[in-house]
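# Descriptive analysis of the structure
Okay, here's what each chain looks like letter by letter:
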Amino acid sequence: MPHYSQRQGSNTGRYVVIASIPRCFLVVAVCLSSLTPEAMAGPTEQFHESAVIRSLGRFRERYFTNSGPVGKGGLTDTAAEPQPGFLDSLPVDVQFSIMTFLYPADICSLGAASRYWRAVVRDPLLWRYFLLRDMLNWPSIDHVSMPQLELLDTPLINEDESLDDREEWDDKRMESKVDYMSEYLKGCPSSRQQWLPSRPAYEVVTSFLQSLVPSSEPRYAMFGPGMEQLDVSLVTRLMYAPDMLPMLGTPHRQINGIGSGISYMFKNQHKFNILTLYSNNRAEREKAKVQEHSVSSKLFTFEGTNDSGSPIYSPAPQVQQVCRVVDGFIYVANAEPGRVGDGESEAAQIRAVLISAEDSATRPLLVLSCVSREESEEVRISGLQTAANRNTGRCRTPCVDVAKRLGLPQLVNPWMVQDTVAESLAGLLDGVSWLLRCSRVKPYGS
C-alpha cells in the first residue's frame, strides 16, 4: 500500500507517494503546492534546472513520439515498449520536480521502471545538477567519497550527446564521458557506504584476534586555528562533556608550555589520547584574540617558498618529536564565514606535520570543520525555503570547500572532513569513530 512521506527540506503541501509493484519501483508525486522549482531557486540554480528539463524533454520526444518509443533509425516500435503510463505522461518539469524530492536510491530504482526511465536517471545533466545542489550540504567528506571538483568546471555537455550517451546499450561510449552519477553516489552520505572497500575475510579474523589482546591507547596530535579563534573553545568543551567523551585524567605532558595530553574514553570501550598543540601560550593567545590580530606560531618556522610560490614550513623540534610518536592528527579548521584563514599556509603546515611523522603515509588526518554554535532556527528555516539561501547564506564553510582549501585531495594519507559544533560537540563522535577505525581500533556497533 502506498505511503506518504514529506522529505526534509520540502515545502509544506508537497508529498511523495511511493508504491511498489512487481519487478519495478514506481514513484508518483502529488504536488499540492503551486510552487515550481524555478520559484524556489536562485538564478544560477534555475539555469541548471532549465538545462535538465530541456534534456528530459528530448528524452520524451525520443521515446514517446507517435505514442510509442522511437528506436534507432527513427522507426516507431510499439511492441518493444508499452504505452506511456501516468508517470510517463506527466509534464517533464513535473517529473523533474518529483525527482528533486527523492533520495538517490529511489531515483536509481526509478530507472528499473522502463527503458525511458533508465535513460532519464542516467542523464549526466541530472546528476550534475544534484551534485551542484547537494554537495555543499554534506556534513562530512573523506578521501574515498570526495567528488572530483574539477569535473564541475567542464562545460555542460551537448544535449544531443546526452541522448546518445544515455542509450541503454551504449555503455562503452559512456565510459569516456564524465560520470556525474558515480561522483554523486560515492559522495552522498546516504549512499556512500557501498563505496567503502570491503574487508577481506582474513582481516575480520585478524581484527577479532587483535581485540583479545590489550593494546596501548592511540595518541593523536590536535592543532589548528579553530582551537584558538572561535568564541567557544572546543578543547574546553571536550573537558566538560562527560556524557559524550568521559575524561580519564590529565597527564602531565608539557611541550615547552604549548600543549598537554588528555585521555578520553570513547563509548565506554576504547581509550585514546589527544595531545593539544597551541600556537602560543594562553596569555599570548588571549591577547591576540582581544586585539583581533594574529601572532607568529611557535609550532612552525617559515622556510620560504617553493618554485610555485607556495609557502614552506618546518615544525619546531618539540613538534617533530610529537609527530613521531602519535598515531594520527586532528586539525581544527575555522569554518565560520568571514574568518577563513590563509589556505596555502594552512595546507603547508598540515603537509609539514604529516611528513614529520614516522610511516607518514599511513597516519590518518581528521579535519574538524568547526563553528562555535549551531545556526539559529530562523536561519535554518530560511535555508530550507530557498536553494539560494541554503548554498550562499550558510553559517559555515562546506566540507568540500574546506577539503579543497586545505589541499586534502593531494594527500596520500587517509583523511576526513567532519562538520563540528564546538558548543554542542555535534559531529565530533563521528569524526573520532572514523579516526579510531583508521588506527585499527574497531568500536563496537560502528
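Residues numbered from 1 in each chain as written. Predicted model: local features only at pLDDT ≥ 70, side-chain atom pairs only at ≥ 80, totals over all residues. Heavy atoms only, no water.

### Side note on the overall build of the protein chain
When you go through the protein chain residue by residue, the secondary structure sums to 20 helices and 12 strands. The 446 residues of the protein chain split such that 49% are buried. Of the roughly 22,500 Å² that the protein chain leaves accessible, carbon and sulfur atoms contribute 53%. (Helix = DSSP H or I, 4+ residues; strand = E, 2+ residues; numbered from the N terminus. Buried < 20%, exposed > 50% of the residue type's maximum accessible area, 1.4 Å probe, protein only. Areas by Shrake-Rupley, 256 points an atom, 1.4 Å probe, with all protein chains shown as cover.)

### Looking at unusual backbone geometry
Phi at Lys267 takes a positive value of approximately 50°, unusual for a residue other than glycine. Along the chain, Lys267 falls in the loop between strand S6 (261–266) and strand S7 (270–276). Assessed through its relative accessible area of 42%, Lys267 is described here as partly exposed.

### Thoughts on the packing of aromatic side chains
On inspection of all chains with the given rule, the structure shows 14 aromatic pairs. Pairing Trp127 with Phe130 gives two aromatic rings, centres 5.6 Å apart and planes at 75°, and the pair type is edge-to-face. Taken together, the residues Trp127 and Phe130, both in helix H7 (residues 124–134) and 3 residues apart, mark about one turn of the helix. On the accessibility criterion, Trp127 (1% relative accessible area) is buried. For Phe130, a relative accessible area of 2% gives the class buried. Among the aromatic residues, those joined into a cluster by ring pairs are Phe96, Trp127, Tyr129, Phe130, Trp138 and Tyr184. (Phe/Tyr/Trp six-rings, centres within 6.5 Å; stacked < 30°, edge-to-face > 60°.)

### Comments concerning the pairing of strand S8 (residues 300–305)
Relative to strand S9 (residues 311–315), S8 runs antiparallel, the two sharing 5 bridges. If you follow Gly304 over to S9, its bridge partner there is Ile312. Counting the residues that bridge the hairpin from S8 to S9 gives 5 residues, and of these Gly309 lies at a positive phi of roughly 90°. (Pairing = 2+ DSSP bridges.)

### Thoughts on the pattern of salt bridges
Oppositely charged side chains are able to pair whenever their charged atoms sit close together. Summed over the entire model, instances satisfying the criterion amount to 5 salt bridges. Across the pair Arg396 and Asp419 runs a salt bridge, and its minimum N-O distance is 3.3 Å. Taken as a pair, Arg396 in the loop between helix H18 (387–392) and helix H19 (399–405) and Asp419 in strand S12 (residues 415–421) lie far apart in primary sequence, 23 residues in all. Of the two residues, Arg396 and Asp419, both sit in the buried class. (Salt bridge = Lys/Arg side-chain N within 4 Å of Asp/Glu carboxyl O.)

### What about the environment of Gln95?
Of note, Gln95 is situated in helix H4 (residues 92–99). With relative accessibility at 1%, the residue Gln95 sits in the buried group. Taking the C-alpha atoms as reference, Gln95 lies 8.7 Å from Leu56; in sequence the two are 39 residues apart. If near-sequence neighbours (up to four positions away) are discounted, Gln95 is found in contact with Arg60, Leu87, Asp88, Ser89, Leu90, Tyr116 and Trp117. (Contact = heavy atoms within 4.5 Å.)

### What about the side chain of Asp88?
Positionally, Asp88 belongs in helix H3 (residues 86–89). Among buried charged residues, Asp88 stands out as having no salt bridge; its nearest opposite-charge side chain is Arg60, 7.1 Å away. (Lys, Arg positive; Asp, Glu negative; His and termini not counted.)

### Comments concerning the side chain of Asn413
Here Asn413 shows up in the loop between H19 and S12. At 2.3 Å, the side chain of Asn413 and the backbone oxygen of Ser360 are in polar contact. (Polar contact = N/O pair within 3.5 Å; in protein donor to acceptor, adjacent residues only side chain to side chain.)

### Quick look at the pairing of strand S11 (residues 365–371)
Counting buried residues along S11, 7 of its 7 residues qualify, which places the element largely inside the surrounding structure. Burial along S11 is two-sided: the residues Leu365, Val367, Ser369 and Val371 and Leu366, Leu368 and Cys370 are all buried. Of the pairings in the sheet, the one linking strand S10 (residues 328–334) to S11 comprises 6 bridges and is parallel in character. Counterpart to Ile330 in the pairing with S11 is Leu366. Looking at chain direction, S11 and S12 are connected through 7 bridges and run parallel. Paired with Leu368 across the strands is Gln418, a residue of S12.

### Examining the confidence of the model for the protein chain
Looking at the protein chain as a whole, its pLDDT mean stands at 75, while 64% of the residues score no less than 70. This model gives residues 162–176 a pLDDT under 50, and the stretch forms 32 contacts once residues within four places in sequence are excluded. This stretch, residues 383–393, has a pLDDT under 50; its non-local contacts, to residues over four places away or in other chains, come to 21 contacts. (pLDDT = per-residue confidence, 0-100.)

### Comments concerning the packing of H7 against helix H10 (residues 180–187)
Between H7 and H10, whose axes approach to 8 Å, the crossing angle comes to 35°. As for how H7 packs across H10, the hand of that crossing is left-handed. Counting all contacts with H7, which are made through Pro124, Trp127, Arg128, Phe130, Leu131 and Asp134, the residues of H10 involved are Tyr180, Met181, Glu183, Tyr184 and Leu185. Broken down by class, the residue content of the contact of H7 with H10 amounts to 8 nonpolar, no polar and 3 charged. (Axes fitted to C-alpha atoms, helices over the stretch in contact; angles between N-to-C directions. Left-handed = near helix turned anticlockwise from the far one by under 90°. Nonpolar A, V, L, I, M, F, W, Y, C, P; charged D, E, K, R; others polar.)

### Regarding the environment of Tyr278
Looking at the element boundaries, Tyr278 is found in the loop between S7 and helix H14 (282–291). Each C-alpha atom of the pair Tyr278 and Met222 lies 8.6 Å from the other, and the pair is 56 residues apart in sequence.

### Re the sheet that holds S6
The strand order S4-S12-S11-S10-S5-S7-S6 describes an open sheet built from 7 strands, whose pairing is mixed. Two strands bound the open sheet, and with one partner strand each, they are strand S4 (140–142) and S6. Put simply, the sheet's adjacent strands are angled 25° from each other on average, direction ignored. By the bridge criterion, 4 bridges tie strand S5 (residues 219–223) to S7 in an arrangement that is parallel.

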